[in-house]
Amino acid sequence: ATIYLSCFKSKRQKNDRLTEFRQRAASRTRSASSASSANALVAAQNDRDHWFYRARTKVKILISFYQIITSFESILEVRFPPIFENFLRWVSSTANLDALQLVRADCFVDTSFYTSLVVQTLLPILLSVLIILYDMISTVCHRANDAKRLACKDFAYTSFLTLTYLVFASVSKTVFDTFNCIRIGDDPIRYLARDNRIDCSSADHQRYTAYASFMVFVYPVGIPAFYFYVLFKKRAHITAVDRDQDPTIQKLSFLWENYEPQMWWWEVFECCRRLALSGALVFVAQGTPSQILVALLVSVFTSGLYISWRPFERESDDDLAIVTQCSLYFTLLAALLKKAGIDKADGYNQTVFGLILVLVNCLGLIMAFAGPAVQPLYFLMNGFLGERQTHDGTVRGMNTDLTRDKAGFVDHFVRVAKSNTAEAGWEPYISRRDKWKLFLEYSGAVVEHRCSEGHGFIDEMRAVYVVTGWEIDRVKKWFVNESHDMRENDVESRDVGGQNSSEDRRVLYLARRMKGGYSDRDFLLESFKGELEDGSHYLVQRSLVDENLHSLKTSHAQRRVRASVKYMGYLLHACDGGRSTRVVYVENLDPGGYLKGAILKKVMPKLLRDRIDELLLEVEHDRQQQMFAGLGEGEVEDDGSFEMTNMMSAAQNKGLTLGAGLETISSPMHR
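Residues numbered from 1 in each chain as written. Predicted model: local features only at pLDDT ≥ 70, side-chain atom pairs only at ≥ 80, totals over all residues. Heavy atoms only, no water.

K.L.:
Sorry if this is basic, but what is going on with the overall build of the protein chain here?
P.N.:
Looking only at helices and strands, the protein chain features 28 helices and 14 strands. Relative to its full complement of 671 residues, the protein chain shows a buried share of 49%. Within the protein chain, residue pairs in contact and separated by at least 24 positions form 68% of the contacts whose partners lie at least 6 positions apart. For the protein chain, the exposed area adds up to about 33100 Å²; of that, 58% sits on carbon and sulfur atoms. (Helix = DSSP H or I, 4+ residues; strand = E, 2+ residues; numbered from the N terminus. Buried < 20%, exposed > 50% of the residue type's maximum accessible area, 1.4 Å probe, protein only. Contact = heavy atoms within 4.5 Å. Areas by Shrake-Rupley, 256 points an atom, 1.4 Å probe, with all protein chains shown as cover.)

As structure tokens, then:
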């Protein structure tokens, strides 16, 4: 993995929470000399878009899981159904990196457990020596180039850590197997469980036992202790916000990059968990149901920690780890059933029993690779449910470099808001529903949509309407909503601060309820407001990624889907001599989820209608209050009713009728 990333990967950008975290952190000032010291490794570290890098964490989780599962047969001394045993032995040769088993060395030479013990313990040491030699040679070859020399050194260090991770569980199990002796039948001699030809009381075995005792301090004890030492020493850097750009800890990234910053120590815990569920079990009531019971208790405890702390940065990795923990638990439960003989007493079908165990232990694989497998179906669903458009307008796309700062972003938004059909390819949004037709009639709004890229799914909407009787400042105040009044479909709305907040910029968190039974969507938005040279005002927002303000894990815990907003806002123009305001609303967002095509096509127009209705209702309510305030200035009778004469007279002077007023009150806007 390290060779591939260092030699063949080109640096790319990625628009997910991890890359945004790195981009935000990269803006901090750092030493140029320190940055150049591990430039190649940092460049590889920033690349998260490739499937290979995304899959690496999942592969680590699955390797740990299968290394534990494949050890149960010998450690627990239980015979699983034949189908499941064959499955475990096939997986064991790959997951445990057993070189002798992979090349089938027993077909060429006479091998024993001692051969496996020596090869498995000395081969990683030999490879480590080769890594050291590579480091020494690269240091000599790149004496004049400090950047390459340090990059090669970091590469060697990362390779060493990767090697220790891969061999830790399998070699530790082999070392502990040296102490795993059992009695067979009535024979008083104790034989090695891994190789029944070996007498545990023999002189040869005593020598190998001493050798294995030394290797205990190299592998089962030495590797976790080494991990803890290097992580504890650099914990301040690992928990820092700019950790992914800190060149001093990139060589350790294999140990911490997949975990949340505060969980910097989790790899050490993972080593202890793997050890407790594999090799260390040989010292607990060997071959008895109590041994399996202890393993079950350890499994339940560690599963609870995974569920409670969810240590990985990616939600999908947390879910995969929890699923493998559940598979581990059910496999141990099956082992307990076999050990207690319940399967024979109740007449279990061994073929079905074995197939169920194979399926349970393949759930992690299915979950890890189901996502890429269903991508074609995902695109097909969006293609079927979404709406496509092709146009040749000049206002297409959005230059990321030019719109990174506020000025370029606002300029692009204003250009889109002011564009016409020829420039941007706007098309009228058409719905056959009577409610939509009625909405267009009473609101006078012009609603259009388009594909912002010029070819593909329609992802952008624009609504133009006039707010009669409200001047521009009042309309702007309504849209800004500084008091965070709960508007139509809002679930939560609040300021969350953030760096560089000012009077014209603020950061807010917003959650909205989706119609049609879809999950709520939430937004972390960076909002700008101001006035243009032509006197018009703007209020525009875009997505901001900052895990410190509102993390994705918090959103998922609240059953919300994070939506991505390219731009969403209002352009306000004064009209009717300043007494009314012309509003241009534009939104370009990705609602996320597997049915975003249907949401963009069906749900977003309804939410747009609700927002316009709410504003027009407030305007109409305000107008009614003003009208009846003028009508109610007459005398009031003792029974509390207005004098009809004064009300009629006031209505005639204002050119109104009570019937017209009552008709307006019962208009569709007040539904």
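Still to come is the rest of the account.
K.L.:
Sorry if this is basic, but what is going on with the pattern of salt bridges here?
P.N.:
Pairing between side chains of opposite charge can happen when their charged atoms approach one another. Tallying each qualifying case throughout the model produces 36 salt bridges. Residue Lys153 is joined to Asp135 by a salt bridge in which the shortest nitrogen-to-oxygen separation is 3.4 Å. Taken together, the residues Lys153 in helix α10 (residues 146-177) and Asp135 in helix α9 (residues 113-141) connect sequence positions 18 residues apart. Because the salt bridges share partners, they merge into one network encompassing Glu73, Arg79, Glu85 and Arg89. (Salt bridge = Lys/Arg side-chain N within 4 Å of Asp/Glu carboxyl O.)

K.L.:
How do you make sense of the packing of helix α12 (residues 222-233) against helix α15 (residues 266-276) when you look at a structure like this?
P.N.:
Pairs of packed helices are described in terms of their axes, by the angle between the two and the distance that separates them. At a minimum axis separation of 9 Å, α12 and α15 run at an interaxial angle of 170°. Between α12 and α15, the interaxial angle falls into the category roughly antiparallel. Residues Pro224, Tyr227, Phe228 and Leu231 of α12 pack against Glu267, Val268 and Cys271 of α15. Of the residues assigned to the contact of α12 with α15, the class counts are 6 nonpolar, no polar and 1 charged. (Axes fitted to C-alpha atoms, helices over the stretch in contact; angles between N-to-C directions. Parallel < 35°, antiparallel > 145°, perpendicular 65-115°, else oblique. Nonpolar A, V, L, I, M, F, W, Y, C, P; charged D, E, K, R; others polar.)

K.L.:
For this particular structure, what's the right way to read empty space enclosed by the protein?
P.N.:
In this approach the atoms are scanned with a rolling probe the size of a water molecule, which exposes any empty space left behind. Summed over all chains, the structure comprises 5 cavities of 30 Å³ or more. Roughly 420 Å³ of internal volume is contained in the largest cavity. When residues of the lining of the largest cavity are traced back to their parent elements, those giving at least two are α24 (472-480), β8 (490-495), β9 (505-512), β10 (520-531), β11 (537-543), β13 (564-575) and α26 (596-631). Considering every element that reaches the lining of the largest cavity, the biggest residue donor is β9, with 4 residues. In terms of residue class, the lining of the largest cavity is made up of 12 nonpolar, 6 polar and 8 charged. Approximately 120 Å³ is the volume attributed to the second largest cavity. As for the second largest cavity, its lining consists of 16 residues, and the residues nearest its centre are Ile61, Ser64, Glu270, Arg273 and Tyr306. The set of elements that each furnish at least two residues to the lining of the second largest cavity consists of α5 (51-69), α15 and α17 (315-340). If you tally residues by element for the lining of the second largest cavity, the top one is α5, at 5 residues. (1 Å grid on protein atoms, 1.4 Å probe; cavity = no way out; pocket = protein on both sides within 12 Å on 5 of 7 lines; lining within 4 Å. Points joined across faces, edges and corners; volume = space filled by probe spheres on them.)

K.L.:
Is there a simple way to explain unusual backbone geometry in this structure?
P.N.:
Among all residues save glycine, negative phi is the norm, and among peptide bonds the norm is trans. The phi dihedral of Asn489 falls on the positive side, at around 75°, and the residue is not glycine. Here Asn489 lies in the loop between α24 and β8. In this structure Asn489 comes out as buried when scored by relative accessible area, which is 12%.

K.L.:
Explanation requested: helix α16 (residues 289-309) in the structure shown.
P.N.:
Structurally, the α-helix is built with 3.6 residues per turn, so residues lying three or four positions apart point the same way. With 21 residues, α16 extends 30 Å between its outermost C-alpha atoms, agreeing within 8% with the 30 Å of an ideal straight helix rising 1.5 Å per residue. All of the buried residues in α16 are Gln291, Ile292, Ala295, Leu296, Ser299, Thr302, Ser303, Leu305 and Tyr306. Each element contacted by the buried residues of α16 is listed here: α6 (72-75), α15 and α17. Immediately beyond the C-terminal end of α16, within one or two residues, lies Arg310, with a positive phi of roughly 40°. (Expected span 1.5 Å × (residues − 1).)

K.L.:
What am I meant to see in the packing of α9 against helix α11 (residues 203-218) here?
P.N.:
α11 packs onto α9 with a crossing angle of 25° between their chain directions and a minimal axis gap of 11 Å. Our classification of the angle between α9 and α11 gives roughly parallel. In this structure, the crossing between α9 and α11 has a hand that is left-handed. Contact residues: Tyr114, Leu117, Val118, Thr121, Leu122 and Ile125 in α9; Asp204, His205, Tyr208, Tyr211 and Met215 in α11. A breakdown of the residues in the contact of α9 with α11 according to their chemical character gives 8 nonpolar, 2 polar and 1 charged. (Left-handed = near helix turned anticlockwise from the far one by under 90°.)

K.L.:
What is the right way to look at the side chain of Asp246 in this model?
P.N.:
In this structure, Asp246 sits in the loop between α13 (235-238) and α14 (253-256). Put simply, Asp246 is tucked away with no salt bridge, and the nearest opposite charge, on Lys234, sits 7.2 Å away. One polar contact links Asp246 to His237, side chain to side chain, over a distance of 2.8 Å. (Lys, Arg positive; Asp, Glu negative; His and termini not counted. Polar contact = N/O pair within 3.5 Å; in protein donor to acceptor, adjacent residues only side chain to side chain.)

K.L.:
What's the story with the nonpolar core in this structure? I'm lost.
P.N.:
Inside soluble globular proteins, nonpolar side chains tend to come together where they are buried. Counting residues in each nonpolar core, the largest one holds 76 residues, and the members touching the most others are Phe72, Leu76, Phe80, Phe84, Phe87, Tyr227 and Leu231. Take this core: its biggest share by element is 10 residues, from α10. Setting aside anything within four residues of it in sequence, one finds Phe72 in contact with Glu77, Val78, Phe80, Leu277, Leu328, Thr331 and Leu332. Formed by 39 residues, the second largest nonpolar core is a distinct cluster that contains Met461, Ile599, Met604 and Leu615. (Core = buried A, V, L, I, M, F, W, Y, C linked by side-chain atoms within 4.5 Å.)

K.L.:
What is the right way to read the state of the cysteines from this model?
P.N.:
In protein structure, a disulfide is the covalent linkage between the sulfur atoms of two cysteines. The tally for this structure, following the rule as stated, stands at 1 disulfide. Cys181 shares a disulfide with Cys200; S-S distance 2.0 Å. Here Cys181 and Cys200 share a disulfide; its torsion about the S-S bond, -100°, makes the bridge left-handed. Here Cys181, found in strand β1 (residues 181-183), pairs with Cys200, found in the loop between β2 (190-192) and α11; they are 19 residues apart in sequence, far enough to count as distant. Residue Cys181 is classed as buried on the basis of its relative accessible area of 12%. Classification of Cys200 as buried rests on a relative accessible area of 6%. Cys272 carries a free sulfur, and the closest cysteine sulfur to it, the one in Cys271, is 6.8 Å from it. (Disulfide = S-S within 2.5 Å.)

These figures capture arrangement, not role.
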